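# Observations on the model geometry
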Amino acid sequence: MAERRRSAQAASAGVRARAPAAARGPALALALALALALALALAACSATYDWRELRADEALALWLPCKPEQRERRVPLAGGVVAMRMLSCEAGGQVYAVARVDAADPSRQGPLLQALREALQANLGGAAPAPGPAWAAAPVAGETPHPLAQALALEGRHADGATRAQVRWFCRGERIYQATVIGRTLDARAAETFFGSLKLAG
């Protein structure tokens, strides 16, 4: 970014050096300033979000703004211990994550969905639901309907201060997914891109 900034500054300086005296007025200075600001803004944007399409598993496709890490661990949930697979990364001061657990029995889906919600709220210091984001009205393409498959915005506190989260729970057969964006502040457009990209197939 620093190299781009120097190049942009050198280019604008060269234009000013070659321009006739009559053109070196406020209008030209403003145009050059706006062009430079736009170039720097585009460079900052591309450095913050590096969107890529990928698969979380054989069924779920999505877009992430950063290179993810994949982890798996066993966690206590809804009176049992389940394997949780998670894909996560950080961009723009926000964590983007998709977690998956498998319900061995369809009757376990409800308790697991409720337990995931309670665990997230507890991690955010008992976060209360906030007004829902605009993308929440649209279901995930290919999901299996379930009354507890919901989308929420949450506001709470974490160890390092106030935290906001947007989350969607959804199912495909016996698989349960939790897609989350968490940060002190949330980029509404990036979050909408992330949640809007979720698609189940196969």
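Residues numbered from 1 in each chain as written. Predicted model: local features only at pLDDT ≥ 70, side-chain atom pairs only at ≥ 80, totals over all residues. Heavy atoms only, no water.

### Notes on the layout of surface pockets
Note the threshold: In this analysis, the protein atoms alone were mapped onto a 1 Å grid. Cavities are point sets where a 1.4 Å probe fits without being able to get out; pockets are open sets with protein on both sides within 12 Å along at least five of seven lines; lining residues have an atom within 4 Å of a point. Grid points are joined across faces, edges and corners, and a volume is the space filled by probe spheres set on the points. Note on conventions: DSSP H or I runs of at least 4 residues are helices, E runs of at least 2 residues are strands, and numbering of each starts at the N terminus. Gly counts as polar in this scheme, as do all residues outside two lists: the nonpolar Ala, Val, Leu, Ile, Met, Phe, Trp, Tyr, Cys and Pro, and the charged Asp, Glu, Lys and Arg.
Taken as a whole, the largest pocket encloses approximately 640 Å³ of empty space. Met 86, Leu 120, Asn 123, Gln 178 and Ile 182 are the residues nearest the centre of the largest pocket, which is lined by 23 residues in total. At the level of secondary structure, the elements contributing two or more residues to the lining of the largest pocket comprise strand 3 (69-77), strand 4 (80-91), strand 5 (94-102), helix 3 (109-123) and strand 9 (175-183). A class-by-class count of the residues in the lining of the largest pocket yields 13 nonpolar, 7 polar and 3 charged.

### What about helix 3?
The line we're drawing: Every helix has an expected span of 1.5 Å times one less than the residues it contains.
The terminal C-alpha atoms of helix 3, which comprises 15 residues, lie 21 Å apart, in line with the 21 Å expected from a rise of 1.5 Å per residue. Once helix 3 finishes, Gly 125 follows within two positions and takes phi at roughly 70°, a positive value.

### Focus on the state of the cysteines
Cut-off, in case you're wondering: Note on disulfides: each one is a pair of cysteine sulfur atoms within 2.5 Å. Only protein chains enter the calculation, and the probe is 1.4 Å; a residue is then buried if its accessible area is under 20% of its type maximum, exposed if over 50%, and partly exposed in between.
Scanning the model with the defined rule gives 1 disulfide in all. The disulfide that involves Cys 66 links it to Cys 89, with 2.0 Å between the sulfurs. The disulfide joining Cys 66 to Cys 89 has a torsion of about 65° about its S-S bond and is therefore right-handed. Remark: Cys 89 occurs in strand 4 and Cys 66 occurs in the loop between strand 2 (60-64) and strand 3; sequence separation between them is 23 residues. There is no split in this pair, since Cys 66 and Cys 89 are both buried.

### As for the pairing of strand 8 (residues 161-172)
The test is simple: When DSSP finds at least two bridges between two strands, those strands are taken to pair.
Counting buried positions along strand 8 gives 9 out of 12 residues, so the element sits mostly inside the fold. Two elements, strand 8 and strand 9, share 9 bridges in a ladder whose sense is antiparallel. Of the residues in strand 9, the one forming a bridge with Ala 165 is Ile 182. Linking two consecutive strands that pair antiparallel, namely strand 8 and strand 9, is a turn of 2 residues; a positive phi of about 65° is found at Gly 173 within it.

### Remarks on the confidence of the model for the protein
As a general rule, the predicted coordinates of low-pLDDT regions are not to be interpreted in detail. We count it as follows: Confidence of the predictor at the level of single residues is given by pLDDT, which spans 0 to 100. By the convention used here, residues are in contact when the closest approach between their heavy atoms is within 4.5 Å.
On average, the protein scores 80 in pLDDT, and the residues at 70 or more come to 74%. Helix 1 (residues 2-18) is the least confidently modelled element of the protein, averaging 39 in pLDDT, while strand 2 averages 97, the highest of any element. Every residue in residues 1-24 is under pLDDT 50, and counting partners more than four places away or in other chains gives 15 contacts. Segment residues 35-46 is flagged for pLDDT under 50; beyond a separation of four residues in sequence, or across chains, it makes 7 contacts in the model.

### Here we look at the sheet that holds strand 2
Threshold: Axis definition: a line fitted to C-alpha atoms, limited for helices to the stretch in contact. Angles are taken between N-to-C directions and run from 0 to 180 degrees.
Ordered in space as 1-2-10, the 3 strands form an open sheet in which the pairing is antiparallel. Every interior strand has two partners, whereas the edge strands, strand 1 (52-55) and strand 10 (199-200), have only one. Taken together, the 2 bridges between strand 2 and strand 10 define a ladder with antiparallel strand orientation. Its bridge partner lying in strand 10, Leu 60 is registered against Leu 200. Where helix 4 (residues 188-197) meets the sheet, its contacts fall on strand 2 and strand 10, and the angle it forms with strand 2 comes to roughly 165°.

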